[in-house]
Amino acid sequence: MSCFSQVINPITGENSWQERGDDYDYHLEVANAGFGDMLHDWERNQKYFAALKKTIGGMRAGGQRGADSVTACEAFLPMANCAEKILAANGVGDKVRLIRKRSTDIQVGGDMPQKANLLVAELLDTELIGEGAIGIYNHAHAELLTEDALCIPARARCYAQVAQSPLAAQWNSLKTLANLDGEPLLQPPEQLKSCHGEAGLHDVQLSQLPSSAFRPLTDPVEIFQFDFQRKQEREKQRQQLLKLQSKQPGAAELVFYWWDIQLDYGGEILLSCAPYWAHPELKEMAAEKGKDHPLPNVVPWRDHWMQAIYYIPKPLQLLEAGKPFHLSCHHDEYSLWFDAREEAPTKSVRRHTCSCDLHMTYSRSRIGQINQAPRNKRYLRYLEQNIEAGKSNVLVLGNGCLLGLASSALGAASVQLHEPHRFSRRLLESIVQHNKLKNVQFVEKVEELEDSQLAVLTHIFAEPYFLNAILPWDNFYFGTLLMKIKDRLPESVQISPCSAKIYALPVEFLDLHKIRAPVGSCEGFDLRLFDQMVERSAEQAVSLVEAQPLWEYPCRALSEPQEVLNVEFSNFSKEHSLKGCIELKHPGTCNGVALWVDWQLVDDSSPKSDVSSGPSEPVIPGAFVKWDMFVRQGVHFPRKSKEAVTHVEWSTDFKPLLGELNFSFSQKKL
């Protein structure tokens, strides 16, 4: 059986019906559930196992029952069905009672014969409580556990470190856009300056944030404890006010956040999610892995529990070392938020929300991209060299294109701004009004532009960026928009970017490949049935290329980048079918192929005319790649990585009118 699903093609912008098997949603959920990532977390697995052995051994030594009967609950039915098969295959199917329910729906006397005296749970996320751990533990203690029950983990501690980071701050607020001489072109309006932003966490691999990119203003401090073992209810809402002193001058712009868990009652088995600089076992891990890994990567890698950045609503200036201030820490049942003030607040600080349209419209990475000075300078170089004051008539294509809006500030006679998205348009209208730009008109549909409006155009400009884009080449929608008006454009109109090139780079990831790699076994349990289930679902529902922010996931280049597609926007409708072979120049395991787009602003040989969404520095085979931090790249993960590979063969097929762009890769030993 099959069914039809309506999807938006990001390249054509059209809704289309795709035929999919009636189990497509099942396969998509299984493939992207993230269980494999958790099972590859060796530290998590080993320490849970050690806590189990220690706790059960202690219970039995004290004359208590300990794992004499085991009840497991799993509400995600595909995983519950797989677990049943795995338990049987490992010879314990008759020893574990499996309940296909949420724990909060379990009834003692029905689903399980009696209350349990040991709870083993993994209900945690990057924020610790974001998956509902507080309510689930409260229910378990009230309904499912004995008075003397033990819990694994037993408790958790949350940590905060106040910091200044001009780089990270770019992900949170709109900065002034300046010309090449540093003079302001566009200023953010007051509503953006006064907006407190979104309180929600920004989850990142903090260890990959360059040490030169932030200034710690405090040491890490413990802000909350969660006792999972106590019978008394865990509070659903708390606040903690800490009086701190700055270690050095700076602006308290953000809070780095992480947690650790004590898995056993005595607190001897500790798992920390701290970034490397604050990790309690850094010295031992550096001694073990330091020869093969950069220092930020000697601590255990995991993608299911990361670290987080929380942005202070109004950054607090701390002008000298030793300056006292107050950090206000809050949590409700599912989330945390913070504030920093010189004086102690007289009442509870409410969770802040966006009031300016910026944060509710754009992703963190897009906000950072808008602020990215090196990138902006390349576009501004083009605009300053090509826009003639009082003469140029510009059509800007894309969502939230402040750079296109800058052409008005540079003196263009007229600017037509294509902006169909309501909130994005409202934001740009406020910027136009605040900067008193008189020659800007907004366009909802390019095909509705009059012939007279198109006839006078001298320039069509884009970054390009569109809100529906996930992969870098999804922004080829720029070419689709051009095709809608191509036949009515004057021959002399300048189109920028004039072309786009996609590059491929075979790499060796230190860790990211594990999200698609088979597990094999975990603490003596054979999990091949799990691997087979995930592999089948991945083949059905996972794209051969997926989007990832590669700056967070170190990888070594195994060759030099190779161009796999070149699209000229003046001839966008042309189909392409290409093949090639990349020779690996550095020994290693090719467990990924990274892909990105370089936009060529003008047809010349100057590297300053190229804007890349890939590496931010030249690629050297054998060296770690430094990636653009404000965009996601594409990644292909080979289904099975081969040893002693010498070449990667590739093919690209692009049918622009259908919005179809397909890649294939195969590893060869030639």
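- The name given to the protein in an unreviewed UniProt entry is Protein arginine N-methyltransferase, with the source organism recorded as Drosophila gunungcola.
- UniProt, in the comment section headed Sequence similarities (unreviewed entry), describes the protein in these words: "Belongs to the class I-like SAM-binding methyltransferase superfamily. Protein arginine N-methyltransferase family. PRMT7 subfamily."

## Things to note about the side chain of Gln164
- Within the secondary structure layout, Gln164 lies in strand 7 (residues 155-164).
- Within polar-contact distance, the side chain of Gln164 engages the backbone nitrogen of Ala251 at 3.1 Å.
- Residues in contact with Gln164, not counting those within four places in the same chain, are Ala213, Phe214, Arg215, Leu217, Pro249, Gly250, Ala251 and Glu253.

## Some points on the UniProt feature "domain: Protein arginine N-methyltransferase" (unreviewed entry) in the protein
- When the UniProt feature table is mapped to this numbering, "domain: Protein arginine N-methyltransferase" (unreviewed entry) covers residues 216-338.
- Each end of residues 216-338 is marked by a C-alpha atom, and these two atoms are 16 Å apart; helix forms 7% of the span and strand 45%.

## Here we look at the packing of aromatic side chains
- Tallied over the entire structure, the rule returns 28 aromatic pairs.
- Geometrically, the ring pair formed by Phe214 and Trp277 is tilted, given 4.8 Å between the ring centres and 40 degrees between the ring planes. Linking Phe214 in the loop between strand 10 (202-204) and strand 11 (215-216) with Trp277 in the loop between strand 15 (270-272) and helix 8 (282-289), this pair joins segments that are 63 residues apart in sequence.
- Consider the rings of Phe569 and Trp599, whose centres lie 6.1 Å apart with planes at 15 degrees: the pair is stacked. Of this pair, Phe569 sits in the loop between strand 29 (562-568) and strand 30 (576-583) while Trp599 sits in strand 31 (residues 592-600), placing them 30 residues apart in sequence.
- What makes Trp599 buried here is its relative accessible area of 6%.
- What links up through ring pairs into an aromatic cluster is the set Phe476, Phe478, Phe569, Phe572, Trp599 and Phe654.
- Over the ring of Tyr48 we find Arg44; its NZ or CZ atom is 5.8 Å from the centre of that ring.
- The ring of Phe49 has Lys53 lying over it, and the distance from NZ or CZ to the ring centre is 4.6 Å.

The rules behind the values
- Residues numbered from 1 in each chain as written.
- Predicted model: local features only at pLDDT ≥ 70, side-chain atom pairs only at ≥ 80, totals over all residues.
- Heavy atoms only, no water.
- UniProt positions renumbered as here; feature names shortened; annotations may be inferred.
- Helix = DSSP H or I, 4+ residues; strand = E, 2+ residues; numbered from the N terminus.
- Polar contact = N/O pair within 3.5 Å; in protein donor to acceptor, adjacent residues only side chain to side chain.
- Contact = heavy atoms within 4.5 Å.
- Phe/Tyr/Trp six-rings, centres within 6.5 Å; stacked < 30°, edge-to-face > 60°.
- Buried < 20%, exposed > 50% of the residue type's maximum accessible area, 1.4 Å probe, protein only.
- Lys NZ or Arg CZ within 6 Å of the ring centre and 35° of its normal.

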